[in-house]
Structure formats: structure tokens, C-alpha cells
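One-letter residues, chain by chain:
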Amino acid sequence: MFDLGIVKGKVYLDGKFAETNVYIRDGSIEKVSDEELDCERTLDAKGRLVLPGFIDPHVHFSLDLGEFSSRDDFESGSRAAAFGGVTTFLDFTRPIHNHDEALEAIRERKKEAVKSCVDYSLHLTLGNFSGDVEKLVGICREEGLGSIKVFTAYSESNRRCSYEVIERILKKDILLMSHSEEDELVSPVWDEVATYEESRPVEAEMTAVERLCISASSKGRLYIVHVSSGSTVEMVKDKFGQFLNRSIFLESCPHYFNLSSDLYGKENGRIYLMAPPLRSKDEVKKMKENIGFLSTVGTDHCPFMKEEKLKYERADKVPKGIGSIEYSFSLMYTLFGNEIIPKFTSSPAEIFGLRKKGRIAEGFDGDIVVYDENISREIDGGVSKCDYSVYEGKETRGKVVTTISGGRIIMDDGTFYGGRGRFIRR
Ligand SMILES: [Zn+2]
């Protein structure tokens, strides 16, 4: 007797669909079979896609920015994740400047994250780091964190990490993630919202990414978070193509495909402010043409209330970030169809060492999404604690109907049943 059977759906098995049944017991996928077997509970998925649970490698729940804090905490953010079919997310610690702050930063974040209703893991974040890299990597390993995130910008808030430290990390057996904008090419003091993109130009991203890729092409594993421009993807493809998806990985976000910088000139353009900024329509077009070269899609989910986004007139005073975890897959599926599935599943699982995630196969975690591709959905305010979505009113192809985490149905047909996420060691 199995706990749960997801039957008659179009099941995504390593890149191909097969009409078959998936059987789960004790939280894991135990059998994928055409046979009809006994189950305590059966979910009829006829005509629907049965996909591995999605992995969002980049979220910021309860991110403390001083005056503002990102609106979703681990509870509400992971609930929004469940509605979006995301069954594993990766968040970040606060930035640390020395290895001796690492343990506390990791443990304090783990404590906050226990409220999550889906599985999660963490990246360690560095500020302007001047500690012992060897010891730092050792602590990450012991605590089950397989990735370290740095910023090449934000010297104004003491978060810029030197290229020298970055090179030392690349020599270690750990994934280096980078927010890549060349510090000298960024203007952190910026008044006008309409021209905000000029304060963080495409050249700033391309310069930093190129420097990092040069370092990573001799040693290490490099993951560029939230690539914002098609030109950057093309540059990496042209100059470092042989490393792409082997030791160099590119992540981008739904907003760099769905929104463009002309929105900054519109009324309330401030609600679209994030870093790196939205890009021109030409860059968005180039991004779409190069989707095949991106490894993953992360949301950089970091929403603030409309009132908070609109509190200050000056671009540099507005809290940066938007939310999209609830819609990320639908938005990207609408644009790219089945091609996008591995970027939400097997690819982030492999890059981040989530060994039992990202595939529907015997022995993998019972994390499954049932997706109806045949209905269209208009995006609404959603279940996030944030009171608006930049995507409100947008039509998407398909909808997440059911989300199963660790073998339990946590969301079905718009009803949330609650869940208990676990910290996944990597
Ligand atoms: Zn981020």
C-alpha cells in the first residue's frame, strides 16, 4: 500500500513525458509504473503535467534592510512558494565580514527558517570579507552549506568583496555565487527614477561577469546570480562557452524576461526598482533568444509593500526588490514551454547538490507539481504578504494545480493545507 498515487498524468521523466503513475511512500517516490497499485490516496492527474517540484535557488525572506524589511517571512514566503509549485528554496544568511561570524549567522538563519512549509537550504553571504577562507569553507561544510555568495558592488555599504578573496574561494571546493556589477561603474547615489537603469548600466554587469569568468576558467565553480541583460549572456557564451553549464552557471529572473526599463518612466515607476535594474526592450529580446544558455531561474523574491516602495521619491532611497515566487514558473512556461522545466528542477538540483531533488525517479523526494497547461490564468495579488504584484492582470499559460512536498499534498486547487519543510544539507 502506497501513501499517495498520482495517476494518469503526463509525467516528466528526465526530459520526456510519459503517461504513467507515480507512487509515493514515506515521503519518497517509490515507484513509477503503468500498473494500478493500491494507495491510501489517489490523485487523478489526467490531462495534466506531473513535474518534479520546482527549486528556487534565490529568495530573500525577512531580509533586513534597516528601515525596511522584505515583506514575506519564511512562513508566508514558503506558502507563496507552495502556490507556485516551489518545493525547495534557497535563502541567504546576513553578510558576514570574518569567518568567526559565520557560525552564528548560519544558525540564526536556520532558526528563522524552521517555519517554512517546504524544504529549504541556505547560502552563506559575505560582505567585505577579510577573514580566513579555509576556515570559512570548513564551517560551511560542517553546517551543510555548499555555496558562498559575494557582491562585487555595494562598497558604499561595506558589502563589496575583493576579487582577491573571490579568487581564494574559487580555489576551494565550494560553489561561488556572485552578484556581479563592477563597483566603479555603479552610481549608488541616484535621484531620478525614470533614468535609474543608467545608474547600474549593462556595462557594469558585463565587466564584473567577465572578470569573474576569467578567474573561474582556471579554477573553481562560479554561479552568476540574476543576470539582467542578454548582452551579458552573449558575452559569456562567446568567450567562455566551453565552461558554461560545466563550471560557470548563469541564473536569471522572470522580471528580466517579462518587464523592461521603460516602466521606470511611468507613473509609480518606483514599484519596479530592483538591482540590477530592468533593461531595455532590446536587451529583453536578446535575453529571450539566449534562454538556452541560462542554467537556472531564480526569483530574487524580495517584495515590499506598495506604500514602502512609494515612500521616497529618490530612486536610491526606495527599497529594491519585487516578489514573484508564486508565478515564476507560469511566467516562464508561458514564454518558453517545456524547455524551461529543467531550469526549475534538475539543473538547480545538480548545481546546488540537492541530491534527492529535481527528478521524478525512484528514491527521489516526493516533491511533485501537477500543472494544468491547458487553462489560462490571470495573475492576481496572490497569497504573499505583499499587497501588490507587478504582474497583476497578466495572463499566463497554465497554472499550478497541486503541490506535493515530501509526499504530502500541501496545496490543492487553491487551498493551502500547511506543511513542514526541512533544512537540506548540501
Ligand atoms: Zn538577491
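Residues numbered from 1 in each chain as written. Predicted model: local features only at pLDDT ≥ 70, side-chain atom pairs only at ≥ 80, totals over all residues. Heavy atoms only, no water.

Taking an unreviewed UniProt entry as the reference, the chain is identified by name as Dihydropyrimidinase belonging to Dethiosulfatibacter aminovorans DSM 17477. The record held by UniProt for the chain lists under Cofactor (unreviewed entry) the comment "Zn(2+)". (UniProt positions renumbered as here; feature names shortened; annotations may be inferred.)

Every protein donor of the zinc ion is accounted for by His58 (NE2), His60 (NE2) and Asp300 (OD), and the metal-donor separations fall at 2.0 to 2.2 Å. Positions of the donor residues of the zinc ion, expressed as sequence spacing, correspond to H-x1-H-x239-D. Of this pair, His60 sits in the loop between strand 6 (54-56) and helix 1 (74-83) while Asp300 sits in the loop between strand 13 (296-297) and helix 10 (306-309), and the two are 240 residues apart along the sequence. The same class applies to His60 as to Asp300, namely buried. (Donors = N, O, S within 2.8 Å, 3.2 Å for Na, K, Ca; no water. Helix = DSSP H or I, 4+ residues; strand = E, 2+ residues; numbered from the N terminus. Buried < 20%, exposed > 50% of the residue type's maximum accessible area, 1.4 Å probe, protein only.)

Taking 1.5 Å of rise per residue, 15 residues should cover 21 Å, and helix 6 (residues 202-216) covers 21 Å from first to last C-alpha, within 8% of that figure. Where helix 6 is concerned, the buried positions are Val202, Ala204, Glu205, Ala208, Val209, Leu212, Cys213, Ser215 and Ala216. In an axial view of helix 6, the angular spread of the buried residues amounts to 160 degrees, which keeps them on one side of the axis. (Expected span 1.5 Å × (residues − 1). Arc of directions from axis to C-beta.)

Taken as a whole and judged by the stated rule, the model has 32 salt bridges. A salt bridge links Asp14 to Arg359; its shortest N-O distance comes to 2.8 Å. With a gap of 345 residues between them, Asp14 in the loop between strand 1 (2-13) and strand 2 (16-25) and Arg359 in the loop between helix 13 (346-351) and strand 14 (368-378) connect regions that are remote in the sequence. Asp14 gets classed as exposed once you look at its relative accessible area, which sits at 52%. (Salt bridge = Lys/Arg side-chain N within 4 Å of Asp/Glu carboxyl O.)

Leu51, Leu124, Leu126, Ile169, Val236, Phe329 and Ile340 are the most contacted members of the largest nonpolar core, which has 102 residues in total. There are two domains that each give this core at least three residues, and those are domain 1 (2-51 + 364-416) and domain 2 (53-351). The residues touching Val236, leaving out its near neighbours within four places in the chain, are Val209, Cys213, Gly241, Leu244, Ile248 and Leu250. Counting 16 residues, the second-largest nonpolar core is a separate cluster that includes Val11, Ala361, Phe364 and Ile409. (Core = buried A, V, L, I, M, F, W, Y, C linked by side-chain atoms within 4.5 Å. Domains from an automatic or database assignment. Contact = heavy atoms within 4.5 Å.)

We now examine the domain arrangement of the chain. Here the domain parsing of the chain yields domain 1 (2-51 + 364-416) and domain 2 (53-351). Between the C-alpha centres of domain 1 and domain 2 the distance comes to 27 Å. Listed by partner, the interface residues are 39 residues for domain 1 and 42 residues for domain 2. Both faces combined, the contact of domain 1 with domain 2 buries some 3,300 Å², and carbon together with sulfur accounts for 64% of it. When residues of domain 1 are sorted by the area they lose upon contact with domain 2, Val383, Tyr388 and Tyr391 head the list and together hold 21% of the total. Along the contact surface separating domain 1 from domain 2 lie one salt bridge. Note that Asp73 and Lys385 form a salt bridge whose closest N and O atoms lie 3.0 Å from each other. In this assembly, domain 1 and domain 2 are joined by 15 residue pairs in polar contact (both at pLDDT 80 or more). Broken down by element, the residue count for the side of domain 1 that touches domain 2 peaks at nine residues, all from strand 15 (residues 395-405). Here the side of domain 1 that touches domain 2 is built from residues that sort into 18 nonpolar, 10 polar and 11 charged. (Buried area = accessible area lost by both parts, 1.4 Å probe. Polar contact = N/O pair within 3.5 Å; in protein donor to acceptor, adjacent residues only side chain to side chain. Nonpolar A, V, L, I, M, F, W, Y, C, P; charged D, E, K, R; others polar.)

All right, on to the environment of Glu378 then. In this structure, Glu378 sits in strand 14. Assessed through its relative accessible area of 51%, Glu378 is described here as exposed. Between the alpha carbons of Glu378 and Arg397 there is a distance of 9.1 Å; along the sequence they are 19 residues apart. With near-sequence residues (within four places) excluded, Glu378 lies in contact with Gly393, Lys394 and Glu395.

Here we take up the sheet that holds strand 10 (residues 175-179). Within a beta sheet, neighbouring strands are joined by backbone hydrogen bonds and run either parallel or antiparallel to one another. Pairing is parallel in the open sheet, where eight strands are placed in the order 6-7-8-9-10-11-12-13. Looking at strand neighbours, the two that pair on one side only are strand 6 and strand 13, the edges of this open sheet. For strand 12 (residues 248-252) and strand 13, the ladder comprises two bridges, and the chain directions are parallel. Considered in strand 13, the bridge of Glu251 is made with Thr296. (Pairing = 2+ DSSP bridges.)

Once that is clear, we can look at the side chain of Glu181. By secondary structure assignment, the location of Glu181 is in the loop between strand 10 and helix 5 (196-199). Overall, Glu181 belongs to the buried group, its relative accessible area being 0%. Looking at Glu181, its side chain comes within polar contact range of the side chain of Arg200, at 2.9 Å.

One number sums up the size of the largest pocket: a volume of about 1,000 Å³. Leu63, Leu65, Tyr154, Arg159 and Lys320 are the residues nearest the centre of the largest pocket, which is lined by 45 residues in total. Of all elements in the fold, only strand 7 (86-92), helix 2 (102-113), strand 9 (147-151) and helix 5 reach the threshold of two or more residues within the lining of the largest pocket. Here the lining of the largest pocket takes four residues from helix 2, the largest share from any one element. Classifying every residue of the lining of the largest pocket gives 18 nonpolar, 12 polar and 15 charged. (1 Å grid on protein atoms, 1.4 Å probe; cavity = no way out; pocket = protein on both sides within 12 Å on 5 of 7 lines; lining within 4 Å. Points joined across faces, edges and corners; volume = space filled by probe spheres on them.)

Another aspect to go through is the packing of helix 7 (residues 230-240) against helix 9 (residues 281-289). Their axes nearest at 7 Å, the elements helix 7 and helix 9 cross at an angle of 45 degrees. Relative to helix 9, the element helix 7 lies oblique. Judged by residue contacts, Gly230, Ser231, Val233 and Glu234 of helix 7 engage Glu283, Lys286 and Met287 from helix 9. Looking at the contact of helix 7 with helix 9 residue by residue, the class counts come to two nonpolar, two polar and three charged. (Axes fitted to C-alpha atoms, helices over the stretch in contact; angles between N-to-C directions. Parallel < 35°, antiparallel > 145°, perpendicular 65-115°, else oblique.)

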